[in-house]
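Topology and contacts: notes
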Amino acid sequence: MLTLGKYSIGVGDRFAHQAKAQLEACILGVKAGVDVVPVWNKSNREHLIIGSEPSSVRAAADAAVAELGWKLPYYCDADHINLSTVERFLAPCDFYTMDVADYIAKPAEQASIDNFIRKHSELKGTIRLEGSTEPIEISAELLSQTAAKFLFAIQEAGKIYRTIEAAKGKGRFISEVSMDETDFAQTPAELLIILAAIADEGIPIQTIAPKFSGRFNKGVDYVGDTAKFAQEMSLDMAAIRHAVAAYGLPGNLKLSVHSGSDKFSIYPAIYASMKEFDTGVHLKTAGTNWLEELIGLAESGGDGLALAKEIYAEAYAHSAELCAPYATVIDIDPTKLPAPAEVNGWTSEQYTSALRHDQRSPAYNQSLRQLLHVGFKVAAKMGPRYLGLLEANEAVIAKNVTGNLYERHIKPVFLGQSAS
Ligand SMILES: [Zn+2]
């Protein structure tokens, strides 16, 4: 049975060139005393935008692991797949993120809702969660509303799970259910009900990605009440522990934090809750590696800097089209975007300091960063011209990719240390 370790990090990059640099960050983690298992993920959406095949992620991961002699487990995640897109991920992947956010609030058959409510009378009333002083209150009304809202989506996850199981065999892959790309956060009470339904559906999930409160915009810091987030995360962990015991879900079940890169202001809370509940998290970061490539290119100067400027100009010109697929996970203030003519006059230092996520730097521009984050399609269109410069400037780029992942992510989340 494939079992995901306590600490894991979703890595990967749009163009499958940084697997080695990412693995180097995990190696630094092991040296510092924490085994963080890498999971290379790339969503179906990103594959479609780039025109890549899921097998390319597997090939890059396998090559990096062989080259660096990584001995711990590693996985390839079919990220945000559903029944209609899972097929080409069946051979190369061993981790599946079944995205059912689009099915939330679609009506399940009344009989199955009634059944669920009848079967789970234990979910009604005051539920005391071990390790938490705050009980969860579930009224009869909340139970039936939540069942009505999520049951159809969970049945859909069941269909996806069984399709994968039929192809790969039981226990030969890791299952995650994601509901993060939606407008409304799920409360810890809803999470508990959802987990009961997932257990009923027979899905042995090892990670679950709820939507947390606050905004998880791509590549920038958390926006929201960090104290409220801390409380919610610790209740979610308590709900998971309760569901594992009550419904027989896998004992290593943990939260998966999507759009997890660069959420610096909540990393201390994530670390503290993990310690409190002696559990781990799966932190998904992948998209920002492409920004590290851009930073590396800009830092290299010459052709690299020129290309980074060209990519900005193109992204600026096509911002509406590039942003559309990411509407729920970006927040760009168009008035803060510099005109391409201005950016064309920038030095390496000006470009990298606008883009690099250093909140202490007055030059840091989060609107520019988010636009470039969704702008990888521009680089994909450049094809060999972009890839050639990536290869020519590999050393500078790798330094940025490894440093970002280790210093700004693995250290604060899994070691409880601030970036140096
Ligand atoms: Zn996600």
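For the structure itself, look to the data block above.
Once a new chain begins, its residue numbering starts again from 1 and follows that chain's sequence as written. Where totals are concerned, whole chains, interfaces and linings use all residues; where local detail is concerned, this predicted model gives features only for residues with pLDDT of at least 70, and gives and counts side-chain atom pairs only at 80 or more. Computation of side-chain values covers all heavy atoms of the structure but excludes hydrogens and water.

What about the coordination of the zinc ion?
Any nitrogen, oxygen or sulfur atom within 2.8 Å of a metal ion counts as a donor, with the limit raised to 3.2 Å for Na, K and Ca, and since water is left out, coordination shells can look unfinished. Summarising the metal site, the zinc ion is bound by the protein donors H80 (NE2) and H258 (ND1), whose distances to it range over 2.0 to 2.1 Å. Residue H80 is found in strand β3 (residues 75–81), and its partner H258 is found in the loop between β9 (254–257) and α8 (267–277); the two are separated by 178 residues along the sequence. Each member of the pair H80 and H258 is classed as buried. For helices the rule is a DSSP run of H or I covering at least 4 residues; for strands it is a run of E covering at least 2, with both sets numbered from the N terminus onward. Type-normalised accessible area, obtained with a 1.4 Å probe on protein chains alone, sets the label of each residue: buried when under 20%, exposed when over 50%, and partly exposed for intermediate values.

As for the packing of aromatic side chains
Pairs were defined over the aromatic rings of Phe, Tyr and Trp, the Trp ring being its six-membered one, requiring ring centres within 6.5 Å. Orientation was assigned from the angle between planes: stacked under 30 degrees, edge-to-face over 60, tilted for the rest. Per the counting criterion, the structure on display carries 16 aromatic pairs. An angle of 85 degrees between the planes, with centres 6.1 Å apart, marks the rings of W40 and Y74 as edge-to-face. Of the two residues, W40 sits in strand β2 (residues 37–43) while Y74 sits in the loop between α3 (54–68) and β3, which places them 34 residues apart along the sequence. Ring centres of F212 and F229 lie 5.5 Å apart, and the angle between their planes is 70 degrees; this geometry places the pair in the edge-to-face category. Of the two residues, F212 is situated in the loop between β8 (205–209) and α7 (226–247) and F229 in helix α7; the sequence distance between them amounts to 17 residues.

Topic: the sheet that holds strand β7 (residues 174–178)
Within a sheet, adjacent strands bond to each other through the backbone by hydrogen bonds, running parallel or antiparallel. Paired strands are those between which DSSP finds at least two bridges. With parallel pairing, eight strands are arranged side by side around a closed barrel as β1-β2-β3-β4-β7-β8-β9-β10. Here the average twist between neighbouring strands, direction ignored, is 25 degrees. Inspection of the sheet shows strand β1 (residues 8–11) paired to β2 by four bridges, in the parallel sense. Bridge pairing links I9 to P38 in β2. Whether two residues touch is decided by their heavy atoms; if any such pair falls within 4.5 Å, the residues are in contact. Every angle, taken between N-to-C directions, lies between 0 and 180 degrees, and every axis is a line fitted to C-alpha atoms, over only the stretch in contact when it is a helix. The strands that helix α6 (residues 188–200) touches are β7, β8 and β9; relative to β8, the one it contacts most, it runs at about 145 degrees. On top of the sheet, helix α17 (residues 394–414) reaches β1 and β10 (281–284); it is set at about 150 degrees to β1, its chief contact.

Let's talk about the nonpolar core
Nonpolar cores were defined as sets of buried Ala, Val, Leu, Ile, Met, Phe, Trp, Tyr and Cys residues, with membership established by side-chain atoms within 4.5 Å. Within the largest apolar cluster, 95 residues are counted, with the highest numbers of intra-cluster contacts made by W40, Y96, L123, I208, I270 and F414. Take this core: its biggest share by element is 10 residues, from helix α5 (residues 140–168). Beyond its immediate sequence surroundings of up to four residues, L123 is in contact with F116, I138, L143, L192, I193, A196 and Y247. Counting 39 residues, the second largest nonpolar core, distinct from the first, contains C323, I330, L337 and V378.

Looking at the environment of V36
Within the secondary structure, V36 sits in the loop between α1 (19–31) and β2. A C-alpha to C-alpha distance of 19 Å links V36 and A398, two positions 362 residues apart in sequence. Contacts of V36, omitting those with residues within four sequence positions, involve Y7, S8, I9, C26, W70, I410 and F414.

Some points on the state of the cysteines
Working definition of a disulfide: a covalent bond connecting the sulfur atoms of two cysteines. Criterion for a disulfide: a pair of cysteine sulfur atoms within 2.5 Å. All told, the structure shown has zero disulfides when counted by the stated rule. Free of any disulfide, C93 has its nearest neighbouring cysteine sulfur in C76, separated by 5.9 Å.

A closer look at the pairing of β2
Counting buried positions over the seven residues of β2 gives seven, a clear majority of the element. Of the two faces of β2, both are covered, the one formed by V37, V39, N41 and S43 as well as the one formed by P38, W40 and K42. The crossover handedness rule: strands pointing away from the viewer, path from first strand over the helix to second strand clockwise, crossover right-handed. Once you follow β1 into α1 and on to β2, the crossover reads as right-handed. Judged from the five bridges that link them, β2 and β3 form a sheet pairing that is parallel. Residue pairing in the sheet places K42 in a bridge with A78 of β3.

Remarks on the side chain of N365
With respect to the secondary-structure elements, N365 resides in the loop between α13 (348–355) and α14 (366–373). Beyond its immediate stretch of four places on either side in the chain, N365 contacts K336, P338 and A354.

Some thoughts on the pattern of salt bridges
For salt bridges, the criterion is a side-chain nitrogen of Lys or Arg within 4 Å of an Asp or Glu carboxyl oxygen. With the rule as written, the count across this model stands at 26 salt bridges. For E407, the salt bridge is made with K411, and the minimal N-O distance between the two is 3.2 Å. Remark: K411 and E407 occur in helix α17; sequence separation between them is four residues, near one turn of the helix. Given a relative accessible area of 21%, E407 falls into the partly exposed group. Beyond isolated ion pairs, a larger network of salt bridges with shared partners links R14, R45, E46 and E181.

Brief notes about α6
With 13 residues, α6 ought to run about 18 Å at 1.5 Å a step, and its terminal C-alpha atoms sit 18 Å apart, in line with that. α6 sits mainly inside the fold: 11 of its 13 residues count as buried. Among the residues of α6, P188, A189, E190, L191, L192, I193, I194, L195, A196, A197 and I198 are the ones counted as buried. Note on α6: the residue one or two positions beyond its end, G202, has a positive phi of about 80 degrees. Between the first and last residue of a helix there are one fewer steps than residues, each counted as 1.5 Å, and that sum is the expected span.

Considering the environment of L368
Along the chain, L368 turns up in helix α14. Sequence-wise, L368 and E46 are 322 residues apart; in three dimensions their C-alpha atoms are separated by 20 Å. Residue contacts for L368: discarding those within four places in its chain leaves Y312, L337, P338, W346, A354 and L355.

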